[in-house]
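Below, each chain spelled out in residue letters.
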Amino acid sequence: DVKVTQSSRYLVKRTGEKVFLECVQDMDHENMFWYRQDPGLGLRLIYFSYDVKMKEKGDIPEGYSVSREKKERFSLILESASTNQTSMYLCASTTGLGNGYTFGSGTRLTVV
Amino acid sequence: EDKVVQSPLSLVVHEGDTVTLNCSYEVTNFRSLLWYKQEKKAPTFLFMLTSSGIEKKSGRLSSILDKKELFSILNITATQTGDSAIYLCAVYFHGQNFVFGPGTRLSVLP
């Protein structure tokens, strides 16, 4: 089974802190994605990556950055956390565009 | 603007009922439509639909796509409390990633 692992299930951070959300997949997938999920808004794409050291902005990249130094790891960085970044964050990976995603279990981030 | 719309946004039924969830889309260069079920954790894959009129079935769940009218339905027969979840529809169109609908929150009461 493909596994996508997000390092934290729950996080509470203070406004202004730098926050790292880590995602690791074990099936050599080229494509990895970060989404945030908010009630009534579905999943919104923050950033994605097709390959190591490559990244593309999604629909809502403001306030976020990403890092993909190794194929299996895709990190989401909140440079200076704000309360409007309180959300559920989901990482996903896939072998190719158009194929179904495998999601991680999600990180529920609360910024106070 | 590409978009995916789901209806209803919320639905409450009793065990044994049959439900139909709707997903409509407006995208260019449509390639596929996927249904996911999300309980407390991450979404899990249900179906991928690429061709019109071909029903996909898995147990009590089935889904069909109409590419002419730009919609898909997800049917659940003889619902159980374990079917309570958010059901997400996602559309993939060429050159892009998936666009997700807002989801339908289904609650099945005993």
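Check the entry above for the structure.
Remember, predicted model here, so these are calculated numbers, not experimental data.

Asks: What is the right way to look at the overall build of chain B in this model?
Replies: Within chain B, the regular secondary structure consists of zero helices and 11 strands. Its helices and strands taken in sequence order, chain B reads β-β-β-β-β-β-β-β-β-β-β from the N to the C terminus. Seen along its three principal axes, the alpha-carbon backbone of chain B occupies a region of about 45 × 25 × 20 Å. Here chain B, with 110 residues, has 43% of them falling under the buried criterion. When the accessible surface of chain B is summed, it comes to about 5,500 Å², and 50% of that surface belongs to carbon and sulfur atoms. Averaging the locations of the 11 positively and 10 negatively charged side chains of chain B gives two centres separated by 6 Å.

Asks: Is there a simple way to think about the pairing of strand 4 (residues 31-38) of chain A in this case?
Replies: Along any regular strand the residues' side chains alternate between the sheet's two faces. Residue and element names in this part refer to chain A. Along strand 4, eight of the eight residues are buried, which leaves the element largely enclosed by surrounding structure. Every second residue of strand 4 is oriented toward a common face, with Asn 31, Phe 33, Tyr 35 and Gln 37 on one face and Met 32, Trp 34, Arg 36 and Asp 38 on the other, all of them buried. Pairing of strand 4 with strand 9 (residues 87-94), which is carried by seven bridges, proceeds in the antiparallel orientation. Looking across to strand 9, one finds that Met 32 is bridged to Ser 93. The sheet contact formed by strand 4 and strand 5 (residues 42-49) spans seven bridges and is antiparallel. Across the sheet, the residue bridging to Phe 33 is Phe 48, located in strand 5. Between strand 4 and the antiparallel strand that follows it, strand 5, lie three residues; Gly 40 among them carries a positive phi value of about 80 degrees.

Asks: Is there a simple way to think about unusual backbone geometry in this case?
Replies: Omega for the peptide link from Ser 7 of chain B to Pro 8 of chain B comes to -10 degrees, which places this bond in the cis form. Non-glycine residue Asp 28 of chain A carries a positive phi angle of around 60 degrees. Relative to the elements of secondary structure, Asp 28 of chain A occurs in the loop between strand 3 (19-25) and strand 4. Positive phi is not limited to glycine here, since Lys 53 of chain A has a value of about 65 degrees. Summarising the element assignment, Lys 53 of chain A is placed in the loop between strand 5 and strand 6 (56-57). Assessed through its relative accessible area of 60%, Lys 53 of chain A is described here as exposed.

Asks: It is not clear to me how the interface of chain B and chain A should be interpreted in this structure. Could you clarify?
Replies: Facing 15 residues of chain B, the contacting portion of chain A comprises 20 residues. Carbon and sulfur atoms make up 58% of the surface buried where chain B meets chain A, a total of about 1,400 Å² over both sides. Our count for the chain B to chain A interface comes out at two residue pairs in polar contact (both at pLDDT 80 or more). Breaking the side of chain B that touches chain A down by element, the ones donating at least two residues are strand 4 (30-38), strand 5 (43-49), strand 9 (85-93) and strand 10 (98-100) of chain B. Of the residues forming the side of chain B that touches chain A, the biggest block, four residues, is contributed by strand 4 of chain B. Here the residues of the side of chain B that touches chain A sort into 10 nonpolar, four polar and one charged.

Asks: Explain the pattern of salt bridges here, please?
Replies: Where charged atoms from two side chains of opposite charge approach closely, those side chains can pair. All names here are of chain A. A full pass over the atoms with the stated rule returns nine salt bridges over all chains. When the shortest N-O distance is used, the salt bridge between Arg 36 and Asp 38 registers 2.9 Å. Judged on exposure class, the residue Arg 36 and its partner Asp 38 are both buried. Here the salt bridges share partners, and the residues they tie into one network are Asp 28, Glu 30 and Lys 71.

Asks: Looking at this model, I keep getting lost on the environment of Gly 82 of chain B. Mind explaining?
Replies: Residues and elements named next belong to chain B. Inspection of the secondary structure assignment puts Gly 82 in the loop between strand 8 (71-76) and strand 9. Exposure remark for Gly 82: the relative accessible area of 41% places this residue in the partly exposed category. A sequence separation of 67 residues divides Gly 82 from Glu 15, and the C-alpha atoms of the two residues are 9.7 Å apart. Apart from residues lying up to four places away in sequence, Gly 82 is in contact with Lys 37 and Glu 39.

Conventions we followed
- Residues numbered from 1 in each chain as written.
- Chains lettered and ligands numbered in written order.
- Predicted model: local features only at pLDDT ≥ 70, side-chain atom pairs only at ≥ 80, totals over all residues.
- Heavy atoms only, no water.
- Helix = DSSP H or I, 4+ residues; strand = E, 2+ residues; numbered from the N terminus.
- Buried < 20%, exposed > 50% of the residue type's maximum accessible area, 1.4 Å probe, protein only.
- Areas by Shrake-Rupley, 256 points an atom, 1.4 Å probe, with all protein chains shown as cover.
- Lys, Arg positive; Asp, Glu negative; His and termini not counted.
- Charge placed at Lys NZ, Arg CZ, Asp CG, Glu CD.
- Pairing = 2+ DSSP bridges.
- Contact = heavy atoms within 4.5 Å.
- Buried area = accessible area lost by both parts, 1.4 Å probe.
- Polar contact = N/O pair within 3.5 Å; in protein donor to acceptor, adjacent residues only side chain to side chain.
- Nonpolar A, V, L, I, M, F, W, Y, C, P; charged D, E, K, R; others polar.
- Salt bridge = Lys/Arg side-chain N within 4 Å of Asp/Glu carboxyl O.

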